[in-house]
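Chain by chain, the residues:
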Amino acid sequence: FDDDPSELARVEIDVQATATDPTPPPPASVAGVRRITSEPLEVVRVEWLDEITMRYGAGCYNDLFSELDWYLYSMVSRTPIAIQFADIGLLTPNFLEQAGLSDPAVLRHSHLKFAPGRSRGVYQNEINTVFTIERNGSFRRLVFDNLSRFSLQQFKWLPGNERFVAIYYGALGDEVRYFTAGIDGQRISRSAHDNIPSQTLPGISPDGTRAVITTTIDDVTGYYLAQTTGDGIELLFEAEPPGNNWPNPIYVPGSGPNDASIYIFRPIDGVPTLECLNLASRERAELTELPLVIDSNTRATASHSPRGDIIALGANGVNGGAWTIDMSSIPACPG
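Okay, so let's go over this structure. Just so it is clear, the structure is predicted and the values come from calculations on it, not from any experiment.

## Some points on the overall build of the protein
- Within the protein one finds two helices and 23 strands.
- The C-alpha atoms of the protein give 21 Å as radius of gyration, which agrees with the globular expectation for 335 residues (20 Å, within 12%).
- In terms of principal-axis extent, the alpha carbons of the protein reach across some 80 × 55 × 50 Å.
- When each of the 335 residues of the protein is scored for burial, the buried share is 52%.
- Partitioning the contacts of the protein with sequence separation of at least 6, the portion at a separation of at least 24 is 45%.
- Roughly 15,900 Å² of accessible area belongs to the protein as shown, and the carbon and sulfur atoms make up 47% of that amount.
- When the 25 basic and 42 acidic side-chain charges of the protein are each reduced to a single mean position, those positions are 9 Å apart.

Now the structure itself:
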């Protein structure tokens with residue numbers, strides 16, 4: 001309109017809004033749950049280094065590990081310590097060239113991370129092909145390709161940090177795709193195209209072969225246990241899925257192949273709650289209220305220690321932070 005001599009006559013602005021109550025703060029204290037961040041913090045990563053030590057990263061969910069603020073926490077000292085993340089030193093020009101991540105935009109897109117205590121890491125390239133790689137940039141191995149239409153949200157380490165799950169979805173409410181693999185590049189599950197999608201983040205067994213998901217089958221909506229290596233799936237219980245911004249279920253194996261404790265995070269009567277299902281007996285019980293405030297702008301994540309006796313929680317948002325749940329301080333899983 002550069003040559004148009006007309007002038008703007010007026011501007012009309014019509015504002016429409018709906019009054020809502022403010023989000024209530026989380027409870028000050030919950031039995032068995034310890035807040036380890038002294039003030040609200042945008043915690044977006046939680047990783048276990050060994051049976052009693054974890055680290056958590058604060059920042060934005062899509063930030064590379066090198067852009068987060070990291071803290072070390074020991075179950076012995078119970079005092080968070082701000083740390084310089086040593087893995088940042090691995091991002092040398094030689095490594096980035098060998099990995100194909102020299103372009104800063106591709107590096108930011110890669111979700112690159114290295115397994116704690118292990119020699120390898122995992123990332124995706126510019127077309128979402130997933131690789132694992134040595135810390136020095138050698139022995140790059142393709143895991144899965146043909147993933148360009150999926151949006152990677154995170155790589156999450158499984159207990160022992162030798163296996164991982166890749167989690168894909170676009171936005172709140174989207175179905176969640178996933179696959180599991182080993183850090184040496186071996187596939188464990190089928191492709192993200194073939195695994196049964198979930199309405200919530202999957203809770204993966206430590207060996208990567210089972211996933212606790214939510215879906216609807218034959219008009220029955222609820223939590224299901226799905227095989228990641230085949231089509232097997234069985235209903236655990238009927239329930240309304242809370243959404244893909246809630247923490248993933250935790251699968252803690254028992255003494256036998258069909259014996260496990262499955263910890264599930266979901267709202268019950270509007271209250272964020274941790275409940276547990278005994279896989280062998282199928283008994284289920286509510287264990288404790290959770291100090292989480294989760295809405296459409298908030299995400300939370302969960303990870304359990306290698307022994308399965310501590311669950312670490314992280315959440316972002318104005319009430320975000322990090323917590324630990326001592327399983328010996330709350331009611332036991334039934335059965």
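Having seen the structure, we can now continue with the description.
## Concerning the packing of aromatic side chains
- Under the counting rule described, the total for this entry stands at 13 aromatic pairs.
- The interplanar angle of 70° and the centroid separation of 5.4 Å between the aromatic rings of Phe65 and Phe85 together place this pair among those described as edge-to-face. Separated by 20 residues along the polypeptide, Phe65 in the loop between strand E3 (53–58) and strand E4 (69–74) and Phe85 in the loop between strand E5 (81–83) and helix H1 (93–99) bring together distant segments of the chain.
- By relative accessible area, Phe85 is classed as buried at 9%.
- Seen from their ring centres, Phe164 and Phe179 are 6.2 Å apart, and the 70° between their planes marks the pair as edge-to-face. Of this pair, Phe164 sits in strand E11 (residues 163–168) while Phe179 sits in strand E12 (residues 177–182), and the two are 15 residues apart along the sequence.

## Here's the deal with the nonpolar core
- Membership of the largest hydrophobic core comes to 23 residues, with the highest contact counts inside it found for Tyr263, Phe265, Leu274, Ile311, Leu313 and Ile325.
- Of all elements in the fold, only strand E17 (250–253), strand E18 (260–268), strand E19 (271–278), strand E21 (300–304), strand E22 (310–315) and strand E23 (321–326) reach the threshold of two or more residues within this core.
- The element best represented in this core is E22, accounting for three residues.

## What to know about unusual backbone geometry
- Non-glycine residue Phe139 carries a positive phi angle of around 50°.
- Considering the arrangement of structural elements, one finds Phe139 in the loop between strand E8 (130–134) and strand E9 (141–144).
- Phi is positive for Asn146, which is not a glycine, with a value near 60°.
- Here Asn146 is to be found in the loop between E9 and strand E10 (152–157).
- The exposure class of Asn146 is exposed, given its relative accessible area of 57%.

## Side note on the pattern of salt bridges
- Under the defined criterion, the tally for this structure stands at 14 salt bridges.
- A salt bridge links Arg120 to Glu134, with the shortest nitrogen-to-oxygen separation between them at 3.1 Å. Residue Arg120 is located in strand E7 (residues 120–124), and its partner Glu134 is located in strand E8; the two are separated by 14 residues in the primary sequence.
- Residue Arg120 is classed as buried on the basis of its relative accessible area of 0%.
- The salt bridge involving Arg190 is made with Asp231; its shortest N-O contact spans 2.8 Å.

## A closer look at the environment of Ser138
- Mapped onto the elements of the fold, Ser138 is located in the loop between E8 and E9.
- For Ser138, a relative accessible area of 19% puts it in the buried group.
- Considered as a pair, Ser138 and Thr18 are 120 residues apart in the sequence and their alpha carbons are 56 Å apart.
- Here Ser138 is in contact with Gln98, Arg120 and Ile133, once residues within four sequence places are set aside.

## Examining the state of the cysteines
- Overall, the coordinates contain one disulfide when judged by the stated rule.
- Between the sulfur of Cys276 and that of Cys333 lies a disulfide, 2.0 Å long from S to S. Disulfide Cys276-Cys333: torsion about the S-S bond near -90°, hence left-handed. Of this pair, Cys276 sits in strand E19 while Cys333 sits in the segment after E23; the two residues are 57 residues apart in sequence, bridging distant segments of the chain. Pair check on accessibility: Cys276 and Cys333 agree, each one buried.

## Some points on the side chain of Asn245
- Summarising the element assignment, Asn245 is placed in the loop between strand E16 (233–238) and E17.
- Dropping the residues within four chain positions of it, Asn245 is found in contact with Leu172, Ile294, Asp295, Ser296, Thr298, Arg299 and Ala300.

## Focus on the pairing of E18
- Counting buried positions along E18 yields eight of nine residues, so the element is predominantly enclosed.
- Note: E17 against E18, four bridges, orientation antiparallel. Looking at E18, one finds that Pro253 is bridged to Ala260.
- Remark: six residues form the turn of the hairpin made by E17 and E18, two consecutive strands paired antiparallel.
- Here eight bridges tie E18 to E19, and the two strands are oriented antiparallel to one another. Bridge assignment links Phe265 to a residue of E19, and that residue is Leu274.
- In this structure, the hairpin formed by E18 and E19 is closed by a connection of two residues, where Asp269 is found at a positive phi of approximately 55°.

Criteria and thresholds
- Residues numbered from 1 in each chain as written.
- Predicted model: local features only at pLDDT ≥ 70, side-chain atom pairs only at ≥ 80, totals over all residues.
- Heavy atoms only, no water.
- Helix = DSSP H or I, 4+ residues; strand = E, 2+ residues; numbered from the N terminus.
- Rg over C-alpha atoms; globule rule 2.2 N^0.38 Å.
- Buried < 20%, exposed > 50% of the residue type's maximum accessible area, 1.4 Å probe, protein only.
- Contact = heavy atoms within 4.5 Å.
- Areas by Shrake-Rupley, 256 points an atom, 1.4 Å probe, with all protein chains shown as cover.
- Lys, Arg positive; Asp, Glu negative; His and termini not counted.
- Charge placed at Lys NZ, Arg CZ, Asp CG, Glu CD.
- Phe/Tyr/Trp six-rings, centres within 6.5 Å; stacked < 30°, edge-to-face > 60°.
- Core = buried A, V, L, I, M, F, W, Y, C linked by side-chain atoms within 4.5 Å.
- Salt bridge = Lys/Arg side-chain N within 4 Å of Asp/Glu carboxyl O.
- Disulfide = S-S within 2.5 Å.
- Pairing = 2+ DSSP bridges.

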